[in-house]
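Chains, contacts and geometry: an overview
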Amino acid sequence: MTAPEYIYPEGRAAFPHDGLVGIAGLAPHEIWFLLDEAQQWVELNRGAQKRRDMLSGLTIINAFFENSTRTLLSFEIAGKRLGADVVNMAVATSSVKKGETLIDTAMTLNAMRADAIVIRHSSSGAVQLIADKVDCPVLNAGDGQHEHPTQALLDALTIRHAKRAFNGLRVTICGDILHSRVARSNILCLTSLGADVRVCAPPALMPADIERMNVTVFHDFDAALAGADVVMMLRLQMERMEGQFIPSPREYRHLYGLSQERLQLAESNALVMHPGPMNRGIEIESNVADMIGRSQITTQVEMGVAMRMACLEVLTRKGRKMEGWA
Ligand code: CP
């Protein structure tokens with residue numbers, strides 16, 4: 001497998017976007033540019049002195065209308081490591097609870113002259129709605145079932161670290177594809193970079209028109225695993241399910257859970273990934289999630305900080321009037 005060469009243009013043309021609402025709309029060389037930008041932050045974060053001041057004086061607001069551990073904390077750490085003032089909006093005690101609309105909330109944040117706003121929301125499209133109303137870059141930290149672009153980018157960074165190239169790489173994504181913004185963003189990102197993406201789920205958890213996304217559809221997990229280079233497991237998103245989508249968690253585990261025995265169907269050096277949070281003993285067995293040398297789950301978290309540093313730094317260049325980035 002040879003590494004594809006993505007040559008990107010100089011200056012702002014390398015990433016001409018004003019925000020990051022989704023992977024949709026990004027060219028492969030723009031994704032590659034962000035992966036290259038993130039690499040320097042992987043190295044910085046592995047050293048003792050992790051602080052830079054390039055975002056000094058800027059204010060970043062994290063507005064998370066849905067729960068999060070990894071994404072919220074890594075955006076906070078990312079902003080602080082680059083020297084920004086980072087404010088986490090406490091949604092549970094905010095005026096949203098008094099009935100303030102999303103647009104009014106967005107206009108309020110805008111009036112405070114934030115330099116970047118990071119948003120997670122349960123409604124697909126909510127982040128674009130806000131991005132259309134405010135003056136600063138908006139970064140999507142996950143909106144409903146739509147997209148979670150920084151998750152896909154950090155996953156690509158994790159895969160590139162281990163496998164170096166994407167062209168022809170067989171990536172099996174298994175779980176609740178229907179409700180998963182992570183699956184959607186990863187499919188867009190990985191197919192754009194040349195990977196051969198397989199998706200696997202029970203029929204009730206597979207979107208009807210998924211083939212349009214240039215993936216191969218499986219309902220038999222063993223078949224989907226055969227020869228896979230990367231196995232990405234997703235949790236059942238019970239909070240987005242109304243009605244019964246699976247017969248029982250026990251049955252689901254039997255058919256779609258990743259065990260050590262099942263993993264042997266994949267390539268002998270296949271990576272195991274999971275965006276978290278995991279439901280150990282349902283979609284993934286503990287001894288697979290913790291498998292040294294194969295499981296990339298903690299590496300994904302590490303790459304998340306670096307990728308979010310890259311996204312914040314690149315997207316604030318225009319506001320910082322960085323040379324060549326007007
Ligand atoms: N992967 C992910 O989005 O995790 P959190 O919900 O903890 O942010």
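Residues numbered from 1 in each chain as written. Predicted model: local features only at pLDDT ≥ 70, side-chain atom pairs only at ≥ 80, totals over all residues. Heavy atoms only, no water.

An unreviewed UniProt entry lists the chain under the name Aspartate carbamoyltransferase, with Novosphingobium organovorum as the source organism. UniProt lists a comment for the chain under the heading Pathway (unreviewed entry), and it reads "Pyrimidine metabolism; UMP biosynthesis via de novo pathway; (S)-dihydroorotate from bicarbonate: step 2/3." Per UniProt, the comment on the chain under Sequence similarities (unreviewed entry) is "Belongs to the aspartate/ornithine carbamoyltransferase superfamily. ATCase family." (UniProt positions renumbered as here; feature names shortened; annotations may be inferred.)

The subject of this paragraph is the overall build of the chain. Across its full length, the chain carries eleven helices and nine strands. Here the chain has a C-alpha radius of gyration of 20 Å; the compact-globule value for 326 residues is 20 Å, and the two agree. Overall, the chain is about 55 × 50 × 40 Å in size when its C-alpha atoms are taken along their principal axes. Expressed as a percentage of the 326 residues in the chain, the buried residues total 54%. Summed over all atoms, the accessible surface of the chain reaches about 14,200 Å², with 49% contributed by carbon and sulfur. A distance of 4 Å separates the average location of the 33 positive side-chain charges in the chain from that of its 37 negative side-chain charges. (Helix = DSSP H or I, 4+ residues; strand = E, 2+ residues; numbered from the N terminus. Rg over C-alpha atoms; globule rule 2.2 N^0.38 Å. Buried < 20%, exposed > 50% of the residue type's maximum accessible area, 1.4 Å probe, protein only. Areas by Shrake-Rupley, 256 points an atom, 1.4 Å probe, with all protein chains shown as cover. Lys, Arg positive; Asp, Glu negative; His and termini not counted. Charge placed at Lys NZ, Arg CZ, Asp CG, Glu CD.)

Before going further, it helps to spend a moment on the sheet that holds strand β6 (residues 196–200). The strand order β7-β6-β5-β8-β9 describes an open sheet built from five strands, whose pairing is parallel. Each of the sheet's edge strands pairs with one partner strand only, and the pair in question is β7 (216–218) and β9 (271–273). Geometrically, the sheet is characterised by an average inter-axis angle of 20° between neighbouring strands, direction not taken into account. One ladder, built from five bridges, connects strand β5 (residues 170–174) with β6; its direction is parallel. Paired with Cys-174 across the two strands is Cys-200, which belongs to β6. Contacting β8 (230–233) and β9, helix α5 (residues 149–163) crosses the sheet at an angle of about 165° to β9. (Pairing = 2+ DSSP bridges. Axes fitted to C-alpha atoms, helices over the stretch in contact; angles between N-to-C directions. Contact = heavy atoms within 4.5 Å.)

Attention shifts here to the pairing of strand β1 (residues 59–64). Burial within β1 is extensive, with five of its six residues counted as buried. Bridging between β1 and strand β2 (residues 85–89) involves five bridges; their strand directions are parallel. Bridge pairing links Thr-59 to Asp-85 in β2. Here β1 runs beside strand β3 (residues 116–121); their pairing, made up of five bridges, is parallel. The residue bridging Ile-60 from the neighbouring strand is Ala-116, located in β3.

In the numbering used here, UniProt assigns the "domain: Aspartate/ornithine carbamoyltransferase Asp/Orn-binding" (unreviewed entry) feature to residues 168–314. Segment residues 168–314 splits into 35% helix and 14% strand. End C-alpha atoms: 29 Å apart.

Taken from the UniProt record, the annotation "binding site: L-aspartate" (unreviewed entry) applies to Lys-98, Arg-181 and Arg-235. The greatest C-alpha distance among the residues just named is 32.3 Å, and with 138 residues of sequence between them they are spread in space as well. Tracing the backbone through its elements, the reader meets Lys-98 in the loop between β2 and α3 (102–111). With respect to the helices and strands, Arg-235 occurs in the loop between β8 and α8 (249–256). When sequence neighbours within four positions are dropped, the list of residues in contact with Arg-235 reads Asp-176, His-274, Pro-277, Asn-279 and Glu-283.

Looking at the ligand, the residues that line it are Ser-68, Thr-69, Arg-70, Thr-71, Arg-120, His-148, Gln-151, Pro-275 and Gly-276. A distance of 3.2 Å is found between a nitrogen atom of the ligand and a backbone nitrogen or oxygen belonging to Gly-276. A total of 250 Å² of accessible area belongs to the ligand in isolation, and the protein chains cover 91% of it. Classifying every residue of the shell around the ligand gives one nonpolar, six polar and two charged. (Near = heavy atom within 4 Å. Polar contact = N/O pair within 3.5 Å; in protein donor to acceptor, adjacent residues only side chain to side chain. Nonpolar A, V, L, I, M, F, W, Y, C, P; charged D, E, K, R; others polar.)

As a packed pair, helix α1 (residues 28–45) and α5 sit with axes 10 Å apart at the nearest point and diverge in direction by 70°. Relative to α5, the element α1 lies roughly perpendicular. In contact with Ile-31, Trp-32, Leu-34, Leu-35, Asp-36, Ala-38, Gln-39 and Val-42 of α1, α5 contributes Leu-153, Ala-156, Leu-157, Arg-160 and His-161. When its residues are assigned to classes, the contact of α1 with α5 shows nine nonpolar, two polar and two charged. (Parallel < 35°, antiparallel > 145°, perpendicular 65-115°, else oblique.)

Now for the packing of aromatic side chains. This model, assessed by the stated rule, comprises five aromatic pairs. On the basis of an interplanar angle of 45° and a centroid distance of 5.1 Å, the ring pair of Tyr-6 and Trp-32 is categorised as tilted. With a gap of 26 residues between them, Tyr-6 in the segment before α1 and Trp-32 in helix α1 connect regions that are remote in the sequence. On the basis of relative accessibility, which here comes to 8%, the residue Trp-32 falls in the buried class. On the basis of an interplanar angle of 20° and a centroid distance of 6.1 Å, the ring pair of Phe-33 and Trp-325 is categorised as stacked. Linking Phe-33 in helix α1 with Trp-325 in the segment after α11 (297–315), this pair joins segments that are 292 residues apart in sequence. For Phe-33, a relative accessible area of 4% puts it in the buried group. An aromatic cluster is present here, built from Tyr-6, Trp-32 and Phe-166 joined pairwise through their rings. Here the basic side chain of Arg-160 rests over the ring of Trp-32, its NZ or CZ set 4.7 Å away from the ring centre. Cation over ring: Arg-317 sits above Trp-325, and NZ or CZ is 4.6 Å from the ring centre. (Phe/Tyr/Trp six-rings, centres within 6.5 Å; stacked < 30°, edge-to-face > 60°. Lys NZ or Arg CZ within 6 Å of the ring centre and 35° of its normal.)

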